[in-house]
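The residues making up each chain are set out below.
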Amino acid sequence: MALAKISYKEKTYELSYELLGSDENPQILILHGWGSNKELMKQAFEKYLTSFCQIYLDLPGFGNSSVEELLETKDYAELIKEFLKVKNFNIAFFMGHSFGGKVSSLLCDEKSVLILLSNAGIVLKKSFKVRFKIRLFKMLKSLGFKNFYRYFASKDAATLSPLMYEIFKKVVDEDFSEIFKKQKAKTLIFWGQEDKATPLKSGENTHELIEKSKFYILEGDHFFFLNPKNAEFIAKTLENFKENK
């Protein structure tokens, strides 16, 4: 593990990362989802992406990376761009799970390859139960009971610090439909068939929006890639894509 000091908006961030493999191989940046860290992604892919130079990064506020102020997804992307510049990395493949997929979609261009793993960014209509909880929380907050937010927050948000909870509220319902529609990178989308956090419909919508995309449905839930069989399939798909690129 290594730490990089990055300056952004007059604040200094410490970003924790790990590099595995030869510098001579194509570089792949691997970003985790909300509430996770680089170790989870490393656990899934380290032994399968051996023909790549793997770069695992803790997003600001997660793992061993610091967070200094209220951020939006675009801020996460700008921070990582600065990190890549400081470290002189030349990323050919951007992979992101869930929230990390949203961030990755802002980092790539037409010359790189985007790999989305059950990405966030597609806003589906909330159930009545969820809408009711939101209304109830807003009412309690207006009455001065905002400290009860942990009882209303999702599992992703319930254990967050106040700052990270505010960030979570900013990013959780961002609609990336237009960003996906304008995406120029060749894109590989992988999805867990039983995913409840980002339902399969979100994957189908993402695929429809991104012109140069291929869509793969695999067994499992939101963390389907932790199944070695699925991780190996993803790695082999990337390997074949790299060879035929």
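Note: the structure precedes this text.
Let me sum up the structure you'll find in this document. (Residues numbered from 1 in each chain as written. Predicted model: local features only at pLDDT ≥ 70, side-chain atom pairs only at ≥ 80, totals over all residues. Heavy atoms only, no water.)

What to know about the overall build of the protein
Short version of the rule: Note on conventions: DSSP H or I runs of at least 4 residues are helices, E runs of at least 2 residues are strands, and numbering of each starts at the N terminus. What makes two residues a contact is simply this: any of their non-hydrogen atoms within 4.5 Å. Note that accessible areas follow from Shrake-Rupley with a 1.4 Å probe, and for residues the cover is restricted to the protein chains shown.
When you go through the protein residue by residue, the secondary structure sums to 8 helices and 8 strands. Here the analysis covers contacts within the protein between residues at least 6 apart in sequence; of these, 70% occur between residues at least 24 apart. On the protein, roughly 12700 Å² of surface is accessible, and the fraction owed to carbon and sulfur atoms is 50%.

Things to note about the pattern of salt bridges
Quick note on the threshold: Within this document, salt bridges are pairs made up of a side-chain nitrogen of Lys or Arg and a carboxyl oxygen of Asp or Glu, the two lying within 4 Å of each other. Throughout this description, buried means an accessible area under 20% of the type-specific maximum (1.4 Å probe, protein chains only), exposed means over 50%, and partly exposed covers the range between.
Counting across every chain of the model gives 10 salt bridges. Between Lys38 and Glu39 there is a salt bridge, with the nearest N and O atoms lying 4.0 Å from each other. You can call Lys38 buried: its relative accessible area is 2%. Since its relative accessible area comes to 39%, Glu39 is described here as partly exposed. Lys170 serves as the salt-bridge partner of Glu72, at 3.3 Å between the closest nitrogen and oxygen. Here Lys170 lies in helix H5 (residues 162-171) and Glu72 lies in the loop between strand S4 (53-57) and helix H2 (73-87), a separation of 98 residues in the sequence. On the accessibility criterion, Glu72 (25% relative accessible area) is partly exposed. Beyond isolated ion pairs, a larger network of salt bridges with shared partners links Lys38, Glu39 and Asp58.

Some thoughts on unusual backbone geometry
It is generally the case that most residues other than glycine have a negative phi and that most peptide bonds are trans. A positive phi angle, close to 65°, is found at Glu10, a residue other than glycine. With respect to the helices and strands, the residue Glu10 is situated in the loop between strand S1 (2-8) and strand S2 (11-20). Phi at Ser98 takes a positive value of approximately 55°, unusual for a residue other than glycine.

So, the packing of aromatic side chains
Note the threshold: Think of it this way: a Phe, Tyr or Trp ring, Trp meaning its six-membered ring, pairs with another when their centres are within 6.5 Å, and the plane angle makes it stacked under 30 degrees, edge-to-face over 60, tilted otherwise.
Taken as a whole and judged by the stated rule, the model has 16 aromatic pairs. Between the aromatic rings of Phe45 and Phe225, the centroid separation amounts to 5.9 Å while the plane-to-plane angle is 15°, which identifies the pairing as stacked. One end of the pair, Phe45, is in helix H1 (residues 38-45); the other, Phe225, is in the loop between strand S8 (213-218) and helix H8 (228-244), and 180 residues separate them in sequence. Take Phe45 and Phe225: they sit in the same class, and that class is buried. Ring centres 6.3 Å apart and planes at 85° place the aromatic pair Phe190 and Phe233 in the edge-to-face group.

Topic: the sheet that holds S2
Operational definition: When DSSP finds two or more bridges between two strands, those strands count as paired. Interaxial angles span 0 to 180 degrees and are taken between N-to-C directions of axes, which are lines fitted to C-alpha atoms, for helices over the stretch in contact.
Taken in spatial order, the 8 strands of this open sheet run S1-S2-S4-S3-S5-S6-S7-S8, and their pairing is mixed. Each of the sheet's edge strands pairs with one partner strand only, and the pair in question is S1 and S8. Neighbour-to-neighbour, the strand axes of this sheet turn through a mean angle of 20°, independent of strand direction. Note: S2 against S4, 4 bridges, orientation antiparallel. Each residue of the ladder has a partner; that of Glu18, found in S4, is Tyr56. Lying over the sheet, helix H7 (residues 200-209) contacts strand S6 (113-117), strand S7 (186-192) and S8, oriented at roughly 165° with respect to S8.

Notes on the side chain of Asn205
Position of Asn205 relative to the elements: it lies in helix H7. The residues touching Asn205, leaving out its near neighbours within four places in the chain, are Ile122 and Leu124.

Here we look at the nonpolar core
Quick note on the threshold: Residues enter a nonpolar core if they are buried and are Ala, Val, Leu, Ile, Met, Phe, Trp, Tyr or Cys, with the set joined through side-chain atoms within 4.5 Å.
One finds Leu29, Trp34, Tyr76, Ile80 and Phe83 to be the most contacted residues of the largest nonpolar core, which totals 43 residues. With 6 residues, H2 is the single largest residue contributor to this core. Here Leu29 is in contact with Ile55, Leu57, Ile80, Leu84, Ile91, Phe93, Phe94, Met95 and Leu107, once residues within four sequence places are set aside. Grouped together as the second largest cluster of nonpolar side chains are 26 residues, Phe93, Leu188, Leu218 and Phe225 included.

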